[in-house]
Amino acid sequence: KVERPSQSSVLQSPKPGSHQQCKPRVTEAVSTMRLSGGLEAFPHVRQLDDWDCGLACVQAYLYFSERPFSQTELRKLCPVQSIWTIDLAFLLRKLGVPCQYYTAVIGISDNHANLEYYKKAIVDDTMRVNQLFREAQHNGVFVEERRTGSEDVLWLLSQERGLS
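Analysis parameters
- Residues numbered from 1 in each chain as written.
- Predicted model: local features only at pLDDT ≥ 70, side-chain atom pairs only at ≥ 80, totals over all residues.
- Heavy atoms only, no water.
- Pairing = 2+ DSSP bridges.
- Helix = DSSP H or I, 4+ residues; strand = E, 2+ residues; numbered from the N terminus.
- Right-handed = clockwise from strand over helix to strand, strands pointing away.
- Salt bridge = Lys/Arg side-chain N within 4 Å of Asp/Glu carboxyl O.
- Buried < 20%, exposed > 50% of the residue type's maximum accessible area, 1.4 Å probe, protein only.

A. Seen up close, the pairing of strand 4 (residues 142–145). Inspection of the sheet shows strand 3 (residues 100–103) paired to strand 4 by four bridges, in the parallel sense. Pairing of Tyr101 across the sheet is with Val143, part of strand 4. The parallel pair strand 3 and strand 4, bridged by helix 5 (residues 119–135), forms a crossover whose chirality is right-handed.

Written out as structure tokens, the structure reads:
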């Protein structure tokens, strides 16, 4: 049995900001893989564009939950060029998927302004993303400022409802 970690252990997790750049893909594909530890087969989804890594994750979860959507369909439901995690939380809410969004920073981290990958988008997206954070609670999107670690992921995977 995996127990949920205490808040103090969560706060000791590694610092955020080590964002790994998402790589563009040219075709959409879904395949399944078996995770170690006897977990069920989980779909692997290739992203279609630079900013589609989050959409690919949402698509994989929906496919796993037997509610398949294409990235094209998800893109229509989330029609912004640069998709931030808060956009994904709103998308999941729109699709009726319960979601708890834990973030180290409410809004866009100042660290992102120094990363080449974000430089163009951050200027255009700061106001929009910050507005989504302000509107989250009113729209039924749960957002909490806190860091999470591997213990949290293990706890969520052990839950019957799964990880989203």
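B. Summary view of the pattern of salt bridges. Per the counting criterion, the structure on display carries four salt bridges. Linking Arg75 and Asp52 is a salt bridge whose minimum nitrogen-to-oxygen distance equals 2.3 Å. Here Arg75, found in helix 3 (residues 71–77), pairs with Asp52, found in the loop between strand 2 (41–45) and helix 2 (53–64); they are 23 residues apart in sequence, far enough to count as distant. Here Asp87 and Arg128 are joined by a salt bridge, their closest N and O atoms 2.6 Å apart. Remark: Arg128 occurs in helix 5 and Asp87 occurs in helix 4 (residues 85–94); sequence separation between them is 41 residues. Accessibility expressed as a relative area gives 6% for Asp87, which makes it buried. Ionic contacts of the salt-bridge type, sharing partners, join the residues Asp87, Asp125 and Arg128 into one network.

By themselves these figures say nothing about function.
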